[in-house]
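Summary of the model geometry
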Amino acid sequence: MNFVLSDILVVVSVLLCIMVLGRFMGIFPYLADSLSRLRGCFALESSLRVRQDRNLVALALVIPSFLLVWRYRLYDPALISGLDSDIRLCAVAFALTAFFLLRHLMFLILRPRYGTENFRDAHRVAYTYFIILMMSLLVIVGILTLTGMDEGTIRWVLYGVSAFIYLLFLHRCLQILSLSCNPLRTFLYLCGLEILPLSLLIVSGIVL
């Protein structure tokens, strides 16, 4: 029996999610608290155990994020659109990995000499919102698929939900950074840390 790459990654994703399910249940109250109030983000970051569990859960959701973006063509530049399924999946994984690495690189470049704690927390809160985003998208995909909705409509629903959660994430980053930075510096940091990497990913999806 021949298995394509996506089949293998689906099995790996399921196994990883099962392995971190207990950790996810343990951090769920912290995720909900982080979504509803700023203090919840600091409560999560202040606990080493909870923070480590959060990071492991986020890491386990990376491969599912590749599969979700690939399956519903959320990132689908013309350059790879017509390629073989496995090659297109590899290209999507490469593009998203490059995005994650660029974001981390911008964090290292822009990291200030002073007031690094809030800057670091603003960087790490992305892991929290990444989990919230992925869990939301997976649940929505499951529900809409059961209703028989066509893939094109599902794609636009996923875009809309992703944009909404991303705006919530930017708002939370803005709140954290503003605790130690003036408004101009906060805006510049936010552009460099979050908006620039995502803009490059979106532009590459349109231009290429």
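Read on for an overview of the structure. (Residues numbered from 1 in each chain as written. Predicted model: local features only at pLDDT ≥ 70, side-chain atom pairs only at ≥ 80, totals over all residues. Heavy atoms only, no water.)

Some points on the nonpolar core
Here is the rule we go by: Side-chain atoms within 4.5 Å are what join buried Ala, Val, Leu, Ile, Met, Phe, Trp, Tyr and Cys residues into a set we call a nonpolar core. Each residue is assigned to one of three classes by its accessible area relative to the maximum for its type, calculated with a 1.4 Å probe on protein chains only: buried under 20%, partly exposed between the two thresholds, exposed over 50%. Only runs of H or I of at least four residues qualify as helices and only runs of E of at least two qualify as strands under DSSP, and these elements are numbered from the N terminus. In this analysis, two residues are considered to be in contact whenever any of their non-hydrogen atoms come within 4.5 Å of each other.
Residues Val57, Tyr72, Val92, Val125, Ile131, Leu158 and Phe169 are the most contacted members of the largest nonpolar core, which totals 55 residues. Counting residues per element, the ones that place at least two in this core are α2 (21-36), α3 (38-46), α4 (48-60), α5 (62-71), α7 (85-110), α8 (116-146), α9 (151-177) and α10 (183-207). Looking at this core element by element, the count peaks at 13 residues for α8. Excluding anything up to four places from it in sequence, Val125 contacts Cys41, Glu45, Phe169, Arg172, Cys173 and Ile176.

Examining the packing of α5 against α7
Convention followed: To get an axis, fit a line to the C-alpha atoms, keeping to the stretch in contact for a helix; angles then go from 0 to 180 degrees between the N-to-C directions. Angle categories are assigned with fixed cut-offs, so that under 35 degrees is roughly parallel, over 145 is roughly antiparallel, 65 to 115 is roughly perpendicular, and the rest are oblique. Each helix crossing is assigned a hand: it is left-handed if the near helix lies turned anticlockwise from the far helix by less than a right angle, otherwise right-handed if that turn is clockwise. In the scheme used here, Gly and all other residues not listed as nonpolar or charged are polar, with Ala, Val, Leu, Ile, Met, Phe, Trp, Tyr, Cys and Pro taken as nonpolar and Asp, Glu, Lys and Arg as charged.
Remark: α5 packs on α7, axes separated minimally by 9 Å, with the N-to-C direction vectors making an angle of 125°. What the angle tells us is that α5 and α7 run oblique. Where α5 crosses over α7, the two elements pack in a sense that is right-handed. For the pair formed by α5 and α7, the contact residues are Val62, Ser65, Phe66, Leu67, Val69 and Trp70 on the first element and Ser85, Arg88, Leu89, Val92, Ala93, Leu96, Thr97 and Phe100 on the second. Of the residues contributing to the contact of α5 with α7, the split by class is ten nonpolar, three polar and one charged.

A short note on the pattern of salt bridges
For the record, the criterion: Salt bridge, as used here: a side-chain nitrogen of Lys or Arg that lies within 4 Å of a carboxyl oxygen of Asp or Glu.
Per the counting criterion, the structure on display carries eight salt bridges. The closest approach of N and O atoms between Glu45 and Arg124, which form a salt bridge, is 3.9 Å. With Glu45 in helix α3 and Arg124 in helix α8, this residue pair connects regions lying 79 residues apart in the sequence. One network of salt bridges, with partners in common, ties together Arg23, Arg49 and Asp53.

What to know about α2
We apply this condition: Residue count minus one, scaled by 1.5 Å, sets the expected span of a helix. To get the bend at any residue, fit one axis to the seven residues that end at it and another to the seven that begin at it, then take the angle between the two axes.
For α2, built from 16 residues, the straight-helix expectation of 22 Å at 1.5 Å per residue is met to within 8% by its first-to-last C-alpha distance of 22 Å. At Ile27, α2 shows its strongest bend, of approximately 45°, with the proline Pro29 following within four residues. Looking only at α2, the buried set comprises Phe24, Ile27, Leu31 and Ser34. The inward-facing, buried residues of α2 abut α3, α4, α8 and α9.

As far as function goes, none of this settles anything; it's purely spatial.
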